[in-house]
Amino acid sequence: MSRLVVVSNRIADPRKTAAGGLAVALGEVLNNSGGLWFGWSGKLVDEPVGTDLPVHKQQAGPVTLATMDLTREDYEAYYVGYSNGVLWPVLHYRLDLADFDAGYIEGYRRVNQTFARKLMELLRPDDIVWVQDYHLIPLAAELRALGCQQRIGFFLHIPLPPPLIFAAIPGHDWLMKGLCSYDLVGFQSRADLDNFTRYIQDEAHAQDLGEGRWRVFNRTLQAGAFPIGIDVKEFESLAAGAESMDMFERMRREYSRRKLLVGVDRLDYSKGLPQRLRAFRELLAKYPESRKSATLIQIASPSREDVSAYTDILHELESLCGSINGNYGELDWMPVRYMHRTVARARLPGLYRASRVALVTPLRDGMNLVAKEYIAAQDPDDPGVLVLSRFAGAAEQLKEALLVNPYDTAGTAEAIHVALEMPLEERQQRHQALLATIRKADVHWWCDSYLHLLGQAEAEESGTPWLRL
Ligand SMILES: O=P(O)(O)OC[C@H]1O[C@H](O[C@H]2O[C@H](CO)[C@@H](O)[C@H](O)[C@H]2O)[C@H](O)[C@@H](O)[C@@H]1O
Ligand SMILES: O=c1ccn([C@@H]2O[C@H](COP(=O)(O)OP(=O)(O)O)[C@@H](O)[C@H]2O)c(=O)[nH]1
């Protein structure tokens, strides 16, 4: 069996619970093939740009973790500047927030070139390489330029917008050519895949070869939608763990007379947090009885604080929470409990399970794993209700959630009201269907179906069975 090499900006030790379902699942596949995981160490060094930094190798069971530090200047240009100041906003449909003029692209290219050079030294001839996310779009092209013959796949974890939005990026054609240097390009949703195929047809005259195969930029590639899932079993065992149970008991005790609503997000403008709070405020205004019954717990975990758009959203959120609590709070009740902190993953299932309603209302989201975790954590006999933005990738699968348009404050407030009042039988029916969906398309299904296709396509071309999962 071929060795699997995963490349991502962030890497995690798959043996640690805190690593999350994705790391656990990738770790499992890597374990099976004795694989290699390559990426940024998360550390910065004060060396001048261009310094030849070493690769640090560490064994995590059968998985080799190979990491590189970044110079401060590369971090500013590649991660803060281009990845999160240009690609993240544009790919989340926010051209207004993109900073195209700062010349970050050079640093983005440089880090991708360095990663390619360092990775080449570690690759074996029969490796299969799987690159993750928008930080590393040009990696395959850089590897190919160095003579890499191995099969290389890519998965985009965030949305791909329609062609005319993507085309606003100066150098969009270079980026898209980079994306088309992979053998298999995976997207989170059908909508993202459609945007990709429209772009390559409209802007690059791609030829449709059928079954997701395309001839474009003088090469053949395959593209498909592979919605990422969670490790439902791992999450269920996390839910039964001491930390989660303790959280559940404490929440139940503390809020015995109230229905809890919960939101768990990175503090990111794509997550629609101000819009969510305005909808909650509308609920309190329109349904005065909810003032006696509902409390919203909003976890906003700190994220990308070096990017200015993230500090702006922090101030907006703090001011909204303050005004809602100021206007509606009573001596024995505050409508919103807002925490700008990360809650340990092991405690989240307890919080989810104690909450009658989850508010997952991003303006755009590649998938949104919190939506799936909330479903997995519910008591099937007395489950809570998921209020989900139609603009999250997860909405393509989770049809039995209450789907909302987060820009529509009144409509979202109405859906929250319906969720709070939903009878037990309807809650059970919806939950049963949602649980079946996330069980079927879990993270193992995601890994297996993607890697099967990546391996299968190569087997067809060369007659060699590369990877059997
Ligand atoms: O690494 P950070 O800059 O701290 O950001 C955290 C991750 O955020 C993004 O997550 C996306 O992937 C999820 C899993 O597929 C998906 O559910 C979610 O909708 C996306 O936003 C980002 O894409 C990751 O690379 C980051 O590590
Ligand atoms: O305080 C927090 C906030 C989030 N998460 C986890 O971070 C992930 C967020 O993934 P999602 O796909 O929802 O959004 P992203 O942040 O990747 O855009 C989920 O697994 C959450 O359980 C966490 O462990 N603690």
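Residues numbered from 1 in each chain as written. Chains lettered and ligands numbered in written order. Predicted model: local features only at pLDDT ≥ 70, side-chain atom pairs only at ≥ 80, totals over all residues. Heavy atoms only, no water.

S.K.: Break down the site of ligand 1 for me, with residues and values.
M.R.: Contacts to ligand 1 come from 17 residues, most closely from Arg 10, Tyr 79, Asp 133, His 157 and Asp 365. Between ligand 1 and Tyr 79 there is a distance of 2.5 Å, counted from an oxygen atom to a side-chain nitrogen or oxygen. The protein chains hide 82% of the 560 Å² of surface that ligand 1 would expose on its own. Taken together, domain 1 (4-229 + 443-462) and domain 2 (232-440) each give at least three residues to the shell around ligand 1, which thus spans both. (Near = heavy atom within 4 Å. Polar contact = N/O pair within 3.5 Å; in protein donor to acceptor, adjacent residues only side chain to side chain. Areas by Shrake-Rupley, 256 points an atom, 1.4 Å probe, with all protein chains shown as cover. Domains from an automatic or database assignment.)

S.K.: With reference to specific residues and values, describe the environment of Trp 446.
M.R.: Along the chain, the position of Trp 446 falls in helix 17 (residues 443-462). For Trp 446, a relative accessible area of 0% translates into the label buried. The sequence separation of Trp 446 and Ala 225 amounts to 221 residues, and the corresponding C-alpha distance is 9.9 Å. If sequence neighbours within four positions are ignored, Trp 446 has contacts with Leu 22, Leu 26, Trp 130, Gln 132, Phe 155, His 157, Phe 226, Pro 227, Ile 228 and Gly 229. (Helix = DSSP H or I, 4+ residues; strand = E, 2+ residues; numbered from the N terminus. Buried < 20%, exposed > 50% of the residue type's maximum accessible area, 1.4 Å probe, protein only. Contact = heavy atoms within 4.5 Å.)

S.K.: Provide a residue-level description of the site of ligand 2, including the pertinent values.
M.R.: Neighbouring ligand 2 are 14 residues, the closest being Arg 266, Lys 271, Val 343, Leu 369 and Glu 373. Leu 369 is positioned such that a nitrogen or oxygen atom in its backbone is 2.9 Å from an oxygen atom of ligand 2. Calculation on ligand 2 without its partners gives an accessible area of 540 Å², and the protein chains cover 78% of this total. Where the shell around ligand 2 is concerned, the elements lending two or more residues are strand 11 (259-266), strand 12 (294-301), helix 13 (348-353) and helix 14 (369-377). When residues of the shell around ligand 2 are assigned to their parent elements, the largest contribution, 3 residues, is made by helix 14. For the shell around ligand 2, the residue count by class is 7 nonpolar, 3 polar and 4 charged. (Nonpolar A, V, L, I, M, F, W, Y, C, P; charged D, E, K, R; others polar.)

S.K.: So what's going on with the pattern of salt bridges? Residues and values would help.
M.R.: According to the stated counting rule, one finds 23 salt bridges in the structure shown. Of the charged contacts in the structure, one is a salt bridge between Arg 337 and Glu 254, with a shortest N-O distance of 3.5 Å. A residue pair is termed long-range when its members are at least 10 positions apart, and Arg 337 in strand 13 (residues 336-339) and Glu 254 in helix 9 (residues 242-254) qualify at 83 residues. A relative accessible area of 40% means that Arg 337 is categorised as partly exposed. Relative accessible area serves as the criterion here: at 53%, Glu 254 is assigned to the exposed category. Residue Glu 414 is joined to Lys 286 by a salt bridge in which the shortest nitrogen-to-oxygen separation is 2.9 Å. Highlighted residues: Glu 414 in helix 15 (residues 409-421) and Lys 286 in helix 10 (residues 273-286), separated in sequence by 128 residues. (Salt bridge = Lys/Arg side-chain N within 4 Å of Asp/Glu carboxyl O.)

Any functional reading would require information that these geometric values do not contain.
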